[in-house]
Structure formats: structure tokens, C-alpha cells
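Each chain, letter by letter, is given below.
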Amino acid sequence: MSIDKIMVVGAGQMGLGIAQVCAMSGIEVVLHDISEEIVEKGINSIDKQLTRLVEKGKMSENEKNETQQRLTTSVNLSNASSVDLVIEAIVEKMEIKTKLFKELDKLTPDHTILATNTSSLPITEIAAATNRPKRVIGMHFMNPVPVMKLVEIIRGLATADEVFDQIKNLTEKINKVPVEVNDFPGFVSNRILMPMINEAIYTVYEGVAEPEAIDEVMKLGMNHPMGPLTLADFIGLDTCLYIMETLHEGFGDDKYRPCPLLRKYVSAGWLGRKSGRGFYTY
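Residues numbered from 1 in each chain as written. Predicted model: local features only at pLDDT ≥ 70, side-chain atom pairs only at ≥ 80, totals over all residues. Heavy atoms only, no water.

Draft legend 1. Fine view of the domain arrangement of the chain. Segmenting the chain into domains produces domain 1 (5-182) and domain 2 (190-275). Placing a centre on the C-alpha atoms of domain 1 and another on those of domain 2 gives a separation of 27 Å. If you look at the interface, domain 1 gives 10 residues, while domain 2 gives 5 residues. Interface of domain 1 and domain 2: buried area, both sides summed, is about 590 Å²; carbon and sulfur atoms make up 56% of it. A per-residue breakdown of the area domain 1 buries against domain 2 is headed by Glu92, Ser119 and Ser120, which together make up 51% of the total. Tallied by class, the residues present in the side of domain 1 that touches domain 2 amount to 3 nonpolar, 5 polar and 2 charged. (Domains from an automatic or database assignment. Contact = heavy atoms within 4.5 Å. Buried area = accessible area lost by both parts, 1.4 Å probe. Nonpolar A, V, L, I, M, F, W, Y, C, P; charged D, E, K, R; others polar.)

Draft legend 2. Representation of the UniProt feature "domain: 3-hydroxyacyl-CoA dehydrogenase C-terminal" (unreviewed entry) in the chain in the model. Within the UniProt annotation, "domain: 3-hydroxyacyl-CoA dehydrogenase C-terminal" (unreviewed entry) is assigned to residues 186-282. Helix makes up 62% of residues 186-282 and strand 0%. Its end C-alpha atoms lie 28 Å apart. (UniProt positions renumbered as here; feature names shortened; annotations may be inferred. Helix = DSSP H or I, 4+ residues; strand = E, 2+ residues; numbered from the N terminus.)

Draft legend 3. Seen up close, unusual backbone geometry. In this chain, Asn143 is followed by Pro144 through a cis amide linkage whose omega measures 0°. Here Pro144 is to be found in the loop between β6 (136-141) and β7 (150-155). One non-glycine residue, Asn175, adopts positive backbone phi at about 65°. Examined against the element boundaries, Asn175 turns out to sit in the loop between α6 (161-173) and β8 (177-181). Although it is not a glycine, Phe187 sits at a positive phi angle of roughly 55°. Within the secondary structure layout, Phe187 lies in the loop between β8 and α7 (189-205). According to the relative accessible area criterion, Phe187 is buried, its value standing at 3%. (Buried < 20%, exposed > 50% of the residue type's maximum accessible area, 1.4 Å probe, protein only.)

Draft legend 4. The nonpolar core, seen in detail. Residues Ile6, Leu85 and Ile167 are the most contacted members of the largest nonpolar core, which totals 36 residues. Per-element accounting of this core gives the leading share, 7 residues, to helix α1 (residues 13-24). Apart from residues lying up to four places away in sequence, Leu85 is in contact with Ile3, Lys5, Ile6, Met7, Thr112, Ile113, Ala115, Ile167 and Leu170. Ranked by size, the runner-up nonpolar core spans 22 residues in total, among them Leu229, Leu261, Leu262 and Tyr265. (Core = buried A, V, L, I, M, F, W, Y, C linked by side-chain atoms within 4.5 Å.)

Draft legend 5. Broad picture of the sheet that holds β7. The 8 strands are arranged β3-β2-β1-β4-β5-β6-β7-β8 in an open sheet whose pairing can be described as mixed. Looking at strand neighbours, the two that pair on one side only are β3 (71-74) and β8, the edges of this open sheet. For this sheet the average axis-to-axis angle between neighbouring strands, irrespective of direction, equals 25°. Note: strand β2 (residues 28-32) against β3, 4 bridges, orientation parallel. Each residue of the ladder has a partner; that of Leu31, found in β3, is Thr73. Strand contacts of helix α4 (residues 94-107): β1 (5-9), β4 (85-88), β5 (113-116) and β6, with the helix running at about 165° to β5, the strand carrying the most contacts. (Pairing = 2+ DSSP bridges. Axes fitted to C-alpha atoms, helices over the stretch in contact; angles between N-to-C directions.)

Draft legend 6. Structural context of the environment of Ile167. Within the secondary structure layout, Ile167 lies in helix α6. Judged by relative accessible area, which is 0%, Ile167 ranks as buried. Separated by 52 residues in the primary sequence, Ile167 and Ala115 place their C-alpha atoms 9.0 Å from one another. Excluding residues within four positions of it along the chain, Ile167 makes contact with Ile3, Leu85, Ile113, Ile137, Met139 and Ile153.

Below, the structure written as C-alpha cells:
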């Protein structure tokens with residue numbers, strides 16, 4: 001079975017990036033969210049990104065128009081009844097994801113693959129909310145999706161080999177690099193990245209250095225393109241906290257305990273770029 005039509009559920013930053021790269025690669029995409037206002041805003045955002053690519057000479061005007069024609073919008077989940085794959089990119093909360101997957105399980109054809117872009121939650125648990133655990137898989141894209149090449153592909157306990165192969169082939173078709181990862185909290189990327197960010201926050205909390213100094217050390221000394229605190233602000237401190245809590249709960253190991261300063265900032269509404277203030281002011 002070929003994957004010719006995809007629904008992306010969630011018109012946030014990740015969902016928009018996924019929709020854009022899939023449409024650019026010749027796949028028909030339905031962008032779904034809860035209101036017309038949200039999806040229209042999302043489509044306008046993708047249009048701006050495509051216009052920039054044309055201005056930079058990375059895409060022709062004709063290719064831009066063809067990409068736009070492959071994108072349609074949806075505010076009714078029953079539109080998933082005609083797709084071969086659903087990629088979920090909604091809020092990182094298990095109860096909300098499992099509720100969505102139960103609905104998708106009822107609305108989509110038997111052949112449809114249900115994928116989640118979760119950055120840390122167990123694929124097996126999400127799959128268990130459906131009657132098709134063999135056809136549920138993790139596709140963890142990196143942010144920003146149009147730029148970053150990696151996609152972690154995570155099998156649940158029951159994910160079929162055929163489904164893994166289809167998703168691997170799709171990932172290559174959209175010019176990404178698939179890496180197979182087992183179903184453990186945080187997978188590989190966030191299991192390594194988030195404790196590093198958390199340790200950088202502890203370094204601020206304990207007064208070892210100011211955020212600017214910590215980021216400079218990691219950029220100049222470790223050749224990181226972006227310091228861990230700048231990156232935390234970019235990801236969202238609430239998201240960082242949630243992933244650290246998932247790791248802490250999943251492994252039961254205090255080395256994953258979120259820094260009290262991270263909790264304090266989130267409680268204050270200092271979430272990073274999206275709120276205008278985190279470790280830096282925007």
C-alpha cells in the first residue's frame with residue numbers, strides 16, 4: 001500500500017512543518033485543527049515559508065503553487081476517513097492523545113496508519129487505546145521540521161514490520177533521515193538532550209554562571225550551534241518540564257529530577273520565546 005494522502009492533526013509549529021514538507025514532496029495533505037481560524041492561520045504561515053523559499057531560489061513559483069494545491073484544511077475529524085496515514089502533532093498529554101487515537105481508530109479505514117509525533121510518551125500506551133496497535137507508530141520530527149533532517153521512528157510493542165517499512169520509506173520520500181529507536185521514555189534525542197538542558201538550568205540555579213556565559217561555553221567549547229538555555233527557551237520551558245517529568249516518572253531515577261528553577265519559571269509563566277520571557281527576554 002502506498003501513502004498518497006496524509007492528515008496532520010494539529011496546526012501548531014510542528015504540525016505546520018510536517019504538513020509543509022509532506023506537501024512539498026508530492027503528497028496530498030489535509031491539515032486539521034479545532035477551528036477554521038487556526039487552520040487558516042496555519043495555511044497562511046506555510047504560504048509565507050514557501051514564498052521565502054521562492055525568494056531564496058530554492059523553489060520555483062510553479063513548485064510553490066503545486067505545493068499549495070496539495071494542501072487542504074479540515075475542522076471535522078471525519079475527514080480522516082479518506083487518508084492513508086494520520087500524523088498527530090497535538091499537545092504532549094497522554095490523556096488527550098489517547099482520546100484522539102480512539103476517535104481516529106473509529107473514523108479511519110482499516111489500512112490507515114496512525115502515527116504520533118510525541119517527543120517522549122510511550123508509543124505502546126498510545127497504541128493500546130486503539131484496536132489496531134499493529135498500525136500505530138512514532139514519528140518524532142525535530143524542530144524546525146523543514147530544516148532538521150532527523151526523524152526518530154519508534155515501534156510500539158505490537159507495531160508491524162510492514163508498517164515500520166512504510167513509514168521508513170515515507171520519511172525518505174520527504175527528504176528526511178529515519179533512525180529506528182526503541183520505545184523508552186524520551187527515546188534517544190530527549191533522553192540525552194533534556195538532562196543536558198536540565199543540568200544547564202541547575203548551573204544557573206546554583207549560581208555557577210549566568211545564562212549567557214553557560215550558552216557561550218557550550219557554543220564555543222562544545223561547538224553547539226545554540227546554547228542549551230537559548231534552546232530551552234526555543235522549545236518552551238513548559239515542554240522541557242513535561243519531558244523531564246516523563247523521564248523521571250518513566251525511569252524512577254532522580255538523575256532526571258527537574259530543576260526547581262525550571263518549575264519556578266513555568267509556574268511564573270516564563271515559558272521562553274512564546275511567552276516573551278524565559279532565561280532571556282524577547
